[in-house]
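Listed here are the chains, written in short residue letters.
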Amino acid sequence: MEKYNDGIGGYMSKVYFSSARMKKLNASESLPKKLPKLLEEAGIGEIVEKGNIVAIKIHFGDLEGGGFRYVRPIFARAVSDVVKEHGGIPFFTDTWGLKHVLAAIRNGFNYTTLGAPILPANGIKENFFYTVKLYKYFHLQEVDVAGNIYDADVLINLSHVKGHPSSGMGGAIKNIAMGCTSYKIRGEVHKLERNDNDGRTFQEAMIDVVKAVLRNKVKKHIHINAILDVQPMCDCAPFSDLPIVPDIGIAVSRDPIAVEKFSLDAIDQAPPMPMSLAEKLGLKSGDNKFFKIHGKNPYHQVYAGVKANLGSDKYEVIEI
Amino acid sequence: MSTVLIKVNEDECIGCGNCLKVCPVGVYKIVEGRSRPVNEDKCILCRACITHCPKNCIEIGFRASPTLARLYEE
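Not measured: the values here are computed from a predicted model.

Asks: Summarise the overall build of chain B; cite the residues concerned and give the values.
Replies: The helix and strand inventory of chain B stands at 3 helices and 4 strands. Going from N to C terminus, chain B has its helices and strands arranged as β-α-β-β-α-β-α. Dimensions along the principal axes, computed over C-alpha positions, put chain B at roughly 40 × 25 × 20 Å. Here chain B holds 74 residues, and the buried ones make up 45% of them. As displayed, chain B has an accessible area near 4000 Å², and 47% of this comes from carbon and sulfur atoms. Looking at charge distribution, chain B has the averaged site of its 10 positive side-chain charges lying 8 Å from that of its 9 negative ones.

Asks: Got a sec to walk through the interface of chain B and chain A? Specific residues and values, please.
Replies: On the side of chain A, 29 residues touch chain B, which itself brings 22 residues to the contact. For the pair chain B and chain A, the two sides together bury roughly 2300 Å², of which 60% comes from carbon and sulfur. Of all residues in chain B, Thr51, Phe62 and Leu71 of chain B bury the most surface against chain A, accounting for 27% of the area lost on that side. One can count 0 salt bridges joining chain B with chain A. Put simply, chain B and chain A have 12 residue pairs in polar contact (both at pLDDT 80 or more) between them. Contributions of two or more residues to the side of chain B that touches chain A are made by helix 2 (48-52) and helix 3 (66-71) of chain B. By residue number, the principal contributor to the side of chain B that touches chain A is helix 2 of chain B, which donates 4 residues. Split into classes, the residues belonging to the side of chain B that touches chain A amount to 13 nonpolar, 5 polar and 4 charged.

Asks: Tell me about the packing of helix 10 (residues 256-269) of chain A against helix 13 (residues 299-307) of chain A, and name the residues and values.
Replies: Residue and element names in this part refer to chain A. Between helix 10 and helix 13, whose axes approach to 9 Å, the crossing angle comes to 155°. The orientation of helix 10 relative to helix 13 falls into the category roughly antiparallel. Where helix 10 crosses over helix 13, the two elements pack in a sense that is left-handed. Residues Ile257, Glu260, Lys261, Leu264, Asp265 and Asp268 of helix 10 lie in contact with helix 13, whose contacting residues are Tyr299, Gln301, Val302, Tyr303, Gly305 and Val306. Its residues placed into classes, the contact of helix 10 with helix 13 shows 6 nonpolar, 2 polar and 4 charged.

Asks: Pulling in residues and values, what's your account of the sheet that holds strand 4 (residues 118-120) of chain A?
Replies: Residues and elements named next belong to chain A. Strand order across the open sheet formed by 8 strands is 4-3-2-7-10-11-1-12, with mixed pairing between neighbours. A strand with exactly one partner marks an edge of an open sheet, and here the two such strands are strand 4 and strand 12 (314-319). Put simply, the sheet's adjacent strands are angled 25° from each other on average, direction ignored. Across 3 bridges, the pairing between strand 3 (residues 89-94) and strand 4 is parallel. Residue pairing across strands places Phe92 opposite Ile118, the latter belonging to strand 4. Against the sheet, helix 10 makes contact with strand 1 (12-19), strand 10 (221-227), strand 11 (249-253) and strand 12, and its axis sits at roughly 10° relative to strand 10, the strand it touches most.

Asks: Hey, could you go over the packing of aromatic side chains for me, with residue numbers and the actual values?
Replies: Ring pairs (aromatic) are described by centroid distance and by the angle formed between their planes. Inspection of every chain in the model, using the stated rule, returns 7 aromatic pairs over all chains. An aromatic cluster is defined as three or more aromatic residues linked by ring pairs; in this entry it consists of Phe17, Phe262 and Tyr315 of chain A.

Asks: Can you tell me about the pairing of strand 2 (residues 53-57) of chain A, naming the residues and giving the values?
Replies: All names here are of chain A. Most of strand 2 is tucked away, with 4 of its 5 residues classed as buried. Two elements, strand 2 and strand 3, share 5 bridges in a ladder whose sense is parallel. Residue pairing in the sheet places Lys57 in a bridge with Thr93 of strand 3. Where the polypeptide runs from strand 2 across helix 3 (residues 73-85) and back to strand 3, its parallel neighbour, the crossover connection is right-handed. Examined bridge by bridge, strand 2 and strand 7 (residues 154-160) share 4 bridges and lie parallel to one another. Considered in strand 7, the bridge of Ile56 is made with Ile156.

Asks: Outline the confidence of the model for chain B, listing residues and values.
Replies: When the pLDDT values of chain B are averaged, the result is 88; 93% of them are 70 or greater. If you check the scores for this complex, the pTM reads 0.94 and the ipTM reads 0.86.

Asks: Account for the layout of surface pockets, with residues named and values stated.
Replies: Considering only enclosed or pocket space, the largest pocket measures out at about 690 Å³ in volume. Along the walls of the largest pocket sit 38 residues, with Pro165, Ser166, His190 and Glu193 of chain A together with Leu45 of chain B positioned nearest its centre. Among the secondary structure elements, those contributing two or more residues to the lining of the largest pocket are strand 8 (162-164), helix 7 (172-177) and helix 8 (183-191) of chain A together with helix 3 of chain B. The residue makeup of the lining of the largest pocket, split by class, is 11 nonpolar, 15 polar and 12 charged. Computed from the structure, the second largest pocket encloses a volume of approximately 240 Å³. Around the second largest pocket, the lining residues are Leu63, Glu64, Lys99, Leu102, Ala103 and Arg106 of chain A together with Ile50, Asn56, Ile58 and Glu59 of chain B. Secondary-structure elements contributing two or more residues to the lining of the second largest pocket are helix 4 (97-106) of chain A together with strand 4 (58-60) of chain B. Per-element accounting of the lining of the second largest pocket gives the leading share, 4 residues, to helix 4 of chain A. For the lining of the second largest pocket, the class distribution of residues is 5 nonpolar, 1 polar and 4 charged.

Calculation notes
Residues numbered from 1 in each chain as written. Chains lettered and ligands numbered in written order. Predicted model: local features only at pLDDT ≥ 70, side-chain atom pairs only at ≥ 80, totals over all residues. Heavy atoms only, no water. Helix = DSSP H or I, 4+ residues; strand = E, 2+ residues; numbered from the N terminus. Buried < 20%, exposed > 50% of the residue type's maximum accessible area, 1.4 Å probe, protein only. Areas by Shrake-Rupley, 256 points an atom, 1.4 Å probe, with all protein chains shown as cover. Lys, Arg positive; Asp, Glu negative; His and termini not counted. Charge placed at Lys NZ, Arg CZ, Asp CG, Glu CD. Contact = heavy atoms within 4.5 Å. Buried area = accessible area lost by both parts, 1.4 Å probe. Salt bridge = Lys/Arg side-chain N within 4 Å of Asp/Glu carboxyl O. Polar contact = N/O pair within 3.5 Å; in protein donor to acceptor, adjacent residues only side chain to side chain. Nonpolar A, V, L, I, M, F, W, Y, C, P; charged D, E, K, R; others polar. Axes fitted to C-alpha atoms, helices over the stretch in contact; angles between N-to-C directions. Parallel < 35°, antiparallel > 145°, perpendicular 65-115°, else oblique. Left-handed = near helix turned anticlockwise from the far one by under 90°. Pairing = 2+ DSSP bridges. Phe/Tyr/Trp six-rings, centres within 6.5 Å; stacked < 30°, edge-to-face > 60°. Right-handed = clockwise from strand over helix to strand, strands pointing away. pLDDT = per-residue confidence, 0-100. 1 Å grid on protein atoms, 1.4 Å probe; cavity = no way out; pocket = protein on both sides within 12 Å on 5 of 7 lines; lining within 4 Å. Points joined across faces, edges and corners; volume = space filled by probe spheres on them.

In structure tokens, the structure reads:
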């Protein structure tokens, strides 16, 4: 594993974590009940102020109706309820325009299940965005930020951790980088994939996008990684295979890099799921599993994020 | 593994060219008044064509990388 800036992100970030494994046979031990506690401990009360419009970025699932391992609506509902308790006005959002909103409704995300409206992040045909100029960047000097995300007072990044063919893994970073921009930037980032074989350039460009999206959200963003149903492929794929590891839990942090590093470490430390692709490949605890599956090293995005001062790769885990 | 990827319903397509305009990699070409994915291999799965199609007649599947495709071969 290459270390190219060890020490820059030398501070410890706090990652609040609840395991999917229940310690007692009690509802309070179940993840939908624990998620509000995680958010409170992580400081949602300091982030969401009365009257704030709060964008909750989630992946609505694929357009074709074949995938089923996206984040369950019950977790999304728990997040919007917490926002409302703090006086915020939540809405759920994702990219791909109005057609993705229709897919979301089919997949179980709607006002009834979420208690909040769902909106396309960047307009009905993805033409609503603001262009943000970066002064320090890896590959993208100008980044389009999805209009409804830019205009929101707060960004809650509710992401599903899973594999991805371009970056090895998709989690907090990719949920913002691919889901909070324009189709033009999404295309530019994807084109950079061709620069190397192990996904480094693609992941560095994702960090450029994250930096632009968080530019006007100083101390107004928080990241939730659902490390559940960790399937080999992205939620955009029209199918879902068996998860590669058993369900791990939910991690919350105000640091998008730390929560990502924690998630990767947890998945790599976990044993392979019986009967899954991971078992077929003979993967074991300690293996860089996504790298072995996709040939792309997912840790590049973490170290690029540290280099861009978006967070730390060192974390302290507070288990709730 | 096959590269089943883009399907344009030719009965529905009106040849407006929106998909050509928004595609960042030049996948589409208008052939005989209909859009045709002539460079399917270049598709980066951004789905901008689907978002912009006024007839909702484009479907995009999934193309596995060679690394991944091998894992699903028996």
